[in-house]
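# Residue-level structure breakdown
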Amino acid sequence: GAPAEPPPIRRLDETVVNRIAAGEVIHRPSNALKELIENSLDAGATSIAITVKDGGMKMLQIQDNGHGIRTEDLAIVCERFTTSKLREYEDLSRIQTYGFRGEALASISHVAHLSITTKRADSECAYRASYADGRLAAAKGGGRSEPEPCAGNNGTTITAEDLFYNIRSRRDALRNTREEYSRIFEVASRYSIHNAGVAFTCRKAGAAKADLSTAQGATAIANIRQVFGGKVAGALVEFGQADEDLEVEFKGHVSSAAHEMHKTVFLLFINHRLVEHTPIRRAVEALYASILPKASRPFVYLDLRIRPERVDVNVHPTKREVRFLNEDAIIGRIVDCIHRRVLGTNDAREFAVRD
Ligand code: ADP
Ligand code: MG
């Protein structure tokens, strides 16, 4: 028969486009939290307090003591592609901040009810503003609401409520609030280890005790101890190396061959971003599989710094994955370095007095 009529092509509504794009950046509460923590760190915060209701689905709040947001910027801060961090495309290759494309707050505002309270040190009062779909929320009497002066501490508090209220399928897929809370805790605790010195707390709303509470000026080991326990912290060896040819530097803590765990714990930061990198993880796991008894797995905290020009952080909307040059060679150096250190502890054990 005759071919069917082609369906007409229509331009999508702007709100639909924005909601789809936002859903790609923010998959679940823990993605939103990662972006918000990175913003607080970018703002120079030394104290970050996270409060969570229903696994972050009902509410996710993060309070920092960073430099705040200029009152005059509050009107545009949640628009897509508004940022204080990037001007030219070329800047991307030497970016020192976590953020760069001004998408996080915009994305969150498209899938949650977002409000910001912020106070700069030189301002007499704080300002509070509410947002919807990238803009200041609609005012009761029509038009847009204005930021309102209020009391507040120096720094910024961002509150996201009713996450995915407008994406039913996503909300339904995230019903397990315990699972979401554990992912939130994972992101918060890992950033607290990598940013030891900055005080982090993470708690469920209304809970008397925080689940995570690291001290200002604490060490990475102290924070590992708090999160993973004394047994893990006590079994770690430090490793590190700089390589001028490859323009990389790495350091971290790994469990010694003597330590037995049942699940691999892998904290990987590349240029201070918490990321996944399957080839690195596999290579380190393979090394441990050749050293450790069958059922035990390593603890690895790896802080890898690569010259920014050699890294592409813009490969994935969530920035969860990165690519870099000379991957195989760099992985080889890391594995060799860990291998030597872990064997070193083995040797020491042979001579150590057993208790
Ligand atoms: P990006 O981080 O890529 O610039 P975001 O959407 O995450 O984009 O944030 C937009 C802008 O809002 C940032 O560039 C920054 O100027 C400001 N901002 C966001 N969060 C904070 C915060 N906690 N403290 C100070 N400024 C912030
Ligand atoms: Mg950001």
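Going by what an unreviewed UniProt entry lists, the protein chain is known as DNA mismatch repair protein and is assigned to Coemansia javaensis.

If you tally the helices and strands in the protein chain, you get nine helices and 16 strands. Its C-alpha atoms give the protein chain principal-axis dimensions of roughly 80 × 70 × 40 Å. Taking as baseline every contact in the protein chain between residues at least 6 positions apart, the subset at least 24 positions apart corresponds to 67%.

All right, on to the nonpolar core then. Ranked by internal contacts, the top residues of the largest apolar core, which has 82 residues, are Leu33, Ile108 and Ala188. Looking at which element gives the most residues to this core, the answer is helix α5 (residues 177-194), with seven residues. In this structure, this core is formed jointly by two domains, domain 1 (14-213) and domain 2 (230-350), each of which donates at least three residues. Excluding residues within four positions of it along the chain, isoleucine 108 makes contact with Ile26, Ala32, Leu114 and Ala160.

As a further point, take the domain arrangement of the protein chain. Per the domain assignment, the segments making up the protein chain are domain 1 (14-213) and domain 2 (230-350). Relative to domain 2, the C-alpha centre of domain 1 lies at a distance of 30 Å. The partner domain 2 presents twelve residues to the 15 residues of domain 1 that form the contact. Those elements that place two or more of their residues in the side of domain 1 that touches domain 2 are α1 (14-25), α2 (29-42) and α5. Partitioning the side of domain 1 that touches domain 2 into residue classes produces seven nonpolar, four polar and four charged.

Our focus in this paragraph is the sheet that holds strand β11 (residues 248-255). Pairing is mixed in the open sheet, where five strands are placed in the order β10-β11-β14-β12-β13. Edge strands, defined here as strands with exactly one partner in the open sheet, are β10 (236-243) and β13 (273-274).

What follows is about the packing of α2 against α5. The contact between α2 and α5 brings their axes to 8 Å, and the two run at 25°. Judged on the interaxial angle alone, α5 and α2 are roughly parallel. Read as a crossing pair, α2 and α5 show a hand that is right-handed. Between α2, through Pro29, Ser30, Leu33, Lys34 and Ile37, and α5, the contact on the second element is made entirely by Glu180, Arg183, Ile184, Val187, Ala188 and Tyr191. Grouping the amino acids of the contact of α2 with α5 by side-chain chemistry returns seven nonpolar, one polar and three charged.

Analysis parameters
- Residues numbered from 1 in each chain as written.
- Chains lettered and ligands numbered in written order.
- Predicted model: local features only at pLDDT ≥ 70, side-chain atom pairs only at ≥ 80, totals over all residues.
- Helix = DSSP H or I, 4+ residues; strand = E, 2+ residues; numbered from the N terminus.
- Contact = placed C-beta atoms within 7 Å.
- Core = buried A, V, L, I, M, F, W, Y, C linked by C-beta atoms within 7 Å.
- Buried ≥ 20, exposed ≤ 12 C-beta atoms within 10 Å, placed from the backbone.
- Domains from an automatic or database assignment.
- Nonpolar A, V, L, I, M, F, W, Y, C, P; charged D, E, K, R; others polar.
- Pairing = 2+ DSSP bridges.
- Axes fitted to C-alpha atoms, helices over the stretch in contact; angles between N-to-C directions.
- Parallel < 35°, antiparallel > 145°, perpendicular 65-115°, else oblique.
- Left-handed = near helix turned anticlockwise from the far one by under 90°.

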